[in-house]
Amino acid sequence: SMKRIVRGVCTLLSAVMLLSATAMAADYTPVAASDARVEGFYNGEETSLQMELAGRYNSGAMSEDGGSLEIVQYNARNGFAYAVSGVKGVLIAIDLNENMSGSTVADLNAAGKEYDLKDIVKADGFTYGDMTSVAVSPDGKTLAVAIQAEGYTENGVVAIFTCKKDGTLKLDETVSVGVQPDMVTFTPDGSKILTADEGEPRMGYSAEGAVDPKGSASIINAKTFAAETVGFYDFDSDAARRALVDNG
């Protein structure tokens, strides 16, 4: 009958939805953690640095090789931490202004926001590949994210945001830098943004068609966003390296 057909179709759709949900859930290895407030010392009991685990944001995702939150930067101006999740491919803003007193570790997940920068960061001739690093300016007003291109021989970019007091971000500029920017930081005075562009041969040195991109460093003016990428060609001689050593 028509009712049996409808029930059968509904059952089939439910099964497909369940399989799809199961497949999506399996994309990430889940993370389980205790809520015990762990106390400890660094470098022995004589150190002045004593730590207690008071709060935790759990991304819920890790890889077989380990955790996925590789880089974390704290913004003292707005009380948020910004972390790069390589597994999820997102930038996470975590509110640390929450009350973390109590007998168990505070759950900070409700106060976290994930930014998928693939939909935000766009530049001419650039195809989004992988987010690698994040940095907060000394005054807490600016945040910079290093992003590698999809093609491992192509120039990457640094996305520069304004950090708002509520932890949200506003994109100010996307700046082209060297190949494979793998670390980004601000100078102590906040006037410049620096990247280490690793230029790694992703296919190795011996594979057919393998390319070893040249490594570099990029210097960005934090106000004008003018950028310069410099290489190490001037030091590719024994005399030049000797001069560096002699000059300390």
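Residues numbered from 1 in each chain as written. Predicted model: local features only at pLDDT ≥ 70, side-chain atom pairs only at ≥ 80, totals over all residues. Heavy atoms only, no water.

### Observations concerning the overall build of the chain
And step 1. Scanning the chain for helices and strands turns up 2 helices and 16 strands.
And step 2. Each of the 248 residues in the chain was classed as buried or not, and the buried ones make up 32%.
And step 3. Considering only contacts within the chain whose residues lie at least 6 apart along the sequence, 45% involve residues at least 24 apart.
And step 4. When the accessible surface of the chain is summed, it comes to about 15300 Å², and 53% of that surface belongs to carbon and sulfur atoms. (Helix = DSSP H or I, 4+ residues; strand = E, 2+ residues; numbered from the N terminus. Buried < 20%, exposed > 50% of the residue type's maximum accessible area, 1.4 Å probe, protein only. Contact = heavy atoms within 4.5 Å. Areas by Shrake-Rupley, 256 points an atom, 1.4 Å probe, with all protein chains shown as cover.)

### Re the sheet that holds strand S12 (residues 169–179)
And step 1. Pairing within the open sheet is antiparallel, and its 4 strands lie in the order S9-S10-S11-S12. At either end of the open sheet lies a strand with only one pairing partner, and these are strand S9 (128–136) and S12. The sheet shows a mean angle of 25 degrees between the axes of neighbouring strands, taken without regard to direction.
And step 2. Taken together, the 8 bridges between strand S11 (residues 155–163) and S12 define a ladder with antiparallel strand orientation. Residue pairing for S12: phenylalanine 161 is matched across the bridge by leucine 171. (Pairing = 2+ DSSP bridges. Axes fitted to C-alpha atoms, helices over the stretch in contact; angles between N-to-C directions.)

### Some points on the nonpolar core
And step 1. Ranked by internal contacts, the top residues of the largest apolar core, which has 22 residues, are Tyr82, Leu91, Leu117, Leu143, Val145 and Ile147.
And step 2. In contact with leucine 117, not counting residues within four places along its chain, are Leu91, Tyr128, Met131, Val145, Ile147 and Phe161.
And step 3. Core analysis: the second largest hydrophobic core is formed by 12 residues, Ala146, Val158, Val184 and Phe186 among them. (Core = buried A, V, L, I, M, F, W, Y, C linked by side-chain atoms within 4.5 Å.)

### Some remarks on the sheet that holds strand S15 (residues 216–221)
And step 1. With antiparallel pairing, the 4 strands of this open sheet are ordered in space as S13-S14-S15-S16. The two strands at the open ends of the sheet, each matched to only one other strand, are strand S13 (181–186) and strand S16 (227–230). Strand-to-strand twist of the sheet, defined as the mean angle between neighbouring strand axes without regard to direction, takes the value 20 degrees.
And step 2. As paired strands, strand S14 (residues 192–197) and S15 are joined by 6 bridges and run antiparallel to one another. Bridge pairing in S15 links isoleucine 193 to isoleucine 220.

### So, the pairing of strand S10 (residues 142–149)
And step 1. The buried count for S10 comes to 7 of 8 residues, which makes it a mostly enclosed element.
And step 2. Of the strand pairs in this sheet, S9 and S10 are connected by 7 bridges, and their pairing is antiparallel. Opposite valine 134, over in S10, you have valine 145 as the bridge partner.
And step 3. The antiparallel pairing of S9 with S10 creates a hairpin that spans 5 residues between the two strands, and glycine 140 there sits at a positive phi of about 75 degrees.
And step 4. The sheet contact formed by S10 and S11 spans 6 bridges and is antiparallel.

### Focus: the environment of lysine 192
And step 1. By the element assignment, lysine 192 lies in strand S14.
And step 2. You can call lysine 192 partly exposed: its relative accessible area is 39%.
And step 3. Non-local contacts of lysine 192, meaning those with residues more than four positions away in its chain, are made with Thr185, Phe186, Thr187, Ile219, Ile220 and Ala222.

### Observations concerning a nonpolar patch on the surface
And step 1. Taken together, Phe232, Phe235 and Leu244 make up a surface patch of nonpolar side chains, about 280 Å² in accessible area.
And step 2. The topology assignment puts leucine 244 in helix H2 (residues 238–246). (Patch = residues over 30% accessible without salt bridge, like charges linked within 9 Å, V, L, I, M, F, W, Y side chains within 5 Å. Salt bridge = Lys/Arg side-chain N within 4 Å of Asp/Glu carboxyl O.)

### Regarding the side chain of threonine 132
And step 1. You can see threonine 132 is positioned in strand S9.
And step 2. Reaching out from threonine 132, the side chain makes a polar contact with the backbone oxygen of proline 181 at a distance of 2.8 Å.
And step 3. Not counting residues up to four positions away in its chain, the partners in contact with threonine 132 are Ile71, Val84, Ala146, Gln148, Pro181 and Asp182. (Polar contact = N/O pair within 3.5 Å; in protein donor to acceptor, adjacent residues only side chain to side chain.)

### A word on the confidence of the model for the chain
And step 1. Here the chain shows a mean pLDDT of 85. Residues at 70 or above account for 85%.
And step 2. For the stretch residues 1–26, pLDDT sits under 50, and the model shows 0 contacts to residues farther than four places along the chain or on other chains. (pLDDT = per-residue confidence, 0-100.)

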